[in-house]
Amino acid sequence: MNGAQDLGGMMGFGPVRSEWNEPVFHAHWEGRALGLTLAASALGEWNIDVGRHARESLHPADYLSSSYYEIWTKGLVKLLVERGMLTPAELEAGRSLQTAAATKRPALAAANVPAALTTGGPCDRPVDHPALFAVGDRVRTRNINPVGHTRLPRYARGKTGLVERVHGGFVFPDTNAHRAGENPQWVYSVVFTGPELWGDGADAGLTVAVDCWGSYLERV
Amino acid sequence: MTQHDDHHHHHDHAHGEAGSELPDIALRVRALETILSEKGYVQPGVIDAIVETYETKIGPRNGAQVVARAWSDPAYLERLRQDATAAIAELGFVGRQGEHMVVVENTPRQHNLVVCTLCSCYPWPVLGLPPVWYKSAPYRAKAVIDPRGVLADFGVALPAETAIRVWDSTAELRYLVIPMRPAGTDGWSEERLASLVTRDSMIGTSLALPAGDAA
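Residues numbered from 1 in each chain as written. Chains lettered and ligands numbered in written order. Predicted model: local features only at pLDDT ≥ 70, side-chain atom pairs only at ≥ 80, totals over all residues.

Points about the overall build of chain A
- Within chain A, the regular secondary structure consists of 8 helices and 5 strands.
- Here the C-alpha coordinates of chain A stretch approximately 60 × 45 × 35 Å along the principal axes.
- In chain A, which comprises 220 residues, the share counted as buried stands at 42%.
- Long-range pairs, those at least 24 residues apart, make up 65% of the contacts in chain A between residues at least 6 apart in sequence. (Helix = DSSP H or I, 4+ residues; strand = E, 2+ residues; numbered from the N terminus. Buried ≥ 20, exposed ≤ 12 C-beta atoms within 10 Å, placed from the backbone. Contact = placed C-beta atoms within 7 Å.)

Some words on the overall build of chain B
- In terms of helices and strands, chain B carries 11 helices and 6 strands.
- When the backbone C-alpha atoms are referred to their principal axes, chain B occupies close to 55 × 35 × 35 Å.
- The proportion of buried residues among the 215 residues of chain B is 51%.
- Taking all contacts inside chain B whose residues are at least 6 apart in sequence as the whole, residues at least 24 apart take part in 67%.

Structural notes on unusual backbone geometry
Residues and elements named next belong to chain A.
- The phi angle at Arg-179 is positive, at roughly 55°, despite the residue not being glycine.
- If you trace the backbone, Arg-179 turns up in the loop between α7 (173-176) and β3 (185-193).
- On the basis of neighbour count, Arg-179 is assigned to the exposed category, with 10 C-beta atoms found within 10 Å.
- Even without glycine at this site, Asn-183 takes up a positive phi of about 30°.
- Inspection of the secondary structure assignment puts Asn-183 in the loop between α7 and β3.

Here we look at the domain arrangement of chain A
Residues and elements named next belong to chain A.
- Taken as a whole, chain A is organised into domain 1 (28-119) and domain 2 (138-219).
- Listed per partner, the contact involves 5 residues of domain 1 and 5 residues of domain 2.
- When the residues that make up the side of domain 1 that touches domain 2 are grouped by side-chain class, the tally is 1 nonpolar, 2 polar and 2 charged. (Domains from an automatic or database assignment. Nonpolar A, V, L, I, M, F, W, Y, C, P; charged D, E, K, R; others polar.)

Let's talk about the pairing of strand β5 (residues 163-168) of chain B
- For β5 of chain B, a buried count of 5 out of 6 residues is recorded, marking the element as mostly surrounded by other parts of the structure.
- When strand β4 (residues 206-213) of chain A meets β5 of chain B, the two strands line up parallel, connected through 5 bridges. Bridged to Val-208 of chain A within β5 of chain B is Val-166 of chain B.
- Two elements, strand β4 (residues 110-115) of chain B and β5 of chain B, share 6 bridges in a ladder whose sense is parallel. Residue His-111 of chain B lies in a different strand from β5 of chain B, and its bridge partner there is Ile-164 of chain B. (Pairing = 2+ DSSP bridges.)

Here we look at the environment of Gln-82 of chain B
- If you trace the backbone, Gln-82 of chain B turns up in helix α4 (residues 74-82).
- It is 27 Å that separates the C-alpha atoms of Gln-82 of chain B and Val-144 of chain B, two residues lying 62 residues apart in sequence.

Here we look at helix α4 (residues 68-82) of chain A
- The end-to-end C-alpha distance of α4 of chain A is 21 Å, a good match for the 21 Å that 15 residues give at a rise of 1.5 Å each.
- In terms of residue burial, α4 of chain A counts as a mostly covered element, since 11 of its 15 residues are buried.
- Of all the positions in α4 of chain A, only Tyr-68, Tyr-69, Glu-70, Ile-71, Trp-72, Thr-73, Lys-74, Gly-75, Leu-76, Leu-79 and Leu-80 of chain A are classed as buried.
- Packing partners of the buried residues in α4 of chain A comprise α1 (28-41), α2 (48-56) and α3 (60-64) of chain A together with α1 (24-38) and α7 (132-135) of chain B.
- Where α4 of chain A ends, the next residue or the one after it, Gly-84 of chain A, has phi of about 70°, a positive value. (Expected span 1.5 Å × (residues − 1).)

Describing the sheet that holds strand β5 (residues 217-219) of chain A
- Within the open sheet, the 7 strands sit side by side as β5(A)-β1(A)-β2(A)-β3(A)-β4(A)-β5(B)-β4(B). Their pairing is mixed. At either end of the open sheet lies a strand with only one pairing partner, and these are β5 of chain A together with β4 of chain B. Geometrically, the sheet is characterised by an average inter-axis angle of 35° between neighbouring strands, direction not taken into account.
- Of the strand pairs in this sheet, strand β2 (residues 160-170) of chain A and β3 of chain A are connected by 7 bridges, and their pairing is antiparallel. Bridged to Arg-165 of chain A within β3 of chain A is Ser-189 of chain A. (Axes fitted to C-alpha atoms, helices over the stretch in contact; angles between N-to-C directions.)

Quick word on the nonpolar core
- Counting 119 residues, the largest nonpolar core has Leu-36, Ala-39, Val-190 and Cys-212 of chain A together with Val-67 of chain B as its most contacted members.
- Setting aside chain neighbours within four positions, we find Cys-212 of chain A in contact with Thr-141, Leu-152, Val-187, Tyr-188, Val-190 and Leu-217 of chain A. (Core = buried A, V, L, I, M, F, W, Y, C linked by C-beta atoms within 7 Å.)

Things to note about the interface of chain B and chain A
- The interface of chain B with chain A comprises 72 residues on the first partner and 74 residues on the second.
- A per-class count over the side of chain B that touches chain A returns 39 nonpolar, 15 polar and 18 charged.

Okay, here's the thing in structure tokens:
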């Protein structure tokens, strides 16, 4: 979706300001928000793409004026309410008002946290057809504007580039984010020049690599 | 995105314990933790274990070890090029947000810079959790259109003849930059080399420290 999360090429935000000796968390609640997000996702009620789509579906003004852990928290609340695991009344009351809904997987136990973080969630999958493109192929990204989730950024739509790497098969987020299946596809690193993306006058010494699923691409 | 929301909160503050004031978001997260715990969705000690992991066990010193090994051992560098996930796992760094790793090497001809314009994708097992600037709008907006401007924000100026390659982490591949090895470090131990490898140098917003800055 053409939401506020798709930031590449926007202007007016000012310089990037890094913080010397930045702490991992700037406040106690940030660590709790991270932990809650990971613990809740372990219940198996949504996948990583559903989670990303919940965050990017925030109103653009809300997204841009929220810190990152605020975005995560708002996304988490949205998912929990959608799945019937939390009600707005409970959030208002600050306590549980109804029994827990059944979940796909049991709650993560503290003893299993190291194993869960070590295993992660690999997204590579076998694909039932050979790769559509090879290293060196010229391809053009499709000009798509789906109302749902996509990982093809606006700045890289309808642009011509070269396939530089073929990464193998991966879960397709555009369907997985809507519980419409993993539909794995080949993923390619496609390299675009600065002038192709940004026009005349762009840095000729710039190239940008975007990881693209096969259905984002057509042969030129 | 506000970077210091705790300090610039203009909403009504509720009063927490011991007279302390907590911003709305802190209260909301606390309520959420209470509710999810009461319902059994979140088990005791789980959040503490996750927070402790990312505060004390997983961070950019991991990635610095990978880079120092790559600088020291050509066979290891070759393994990183062939299968970075497996080569990084040799050092024990595996897991969430590092399932599919790729290394990209800086040379005098090309400098690499990593961004996630769409969210905050970042190689957690080798770099830890991303800093605020990496996740915030200025970096995500500017990196793909004006990377030399981003480098200037970090006080870095590359020679004009050095090309810049930006990697937008739009899929599940996670990129680790191998910065150029600083001059004057021949024969150094991996441990000493690692002290020159900063987090930012492995994202590409900075260079490795000069030999004189070694620990």
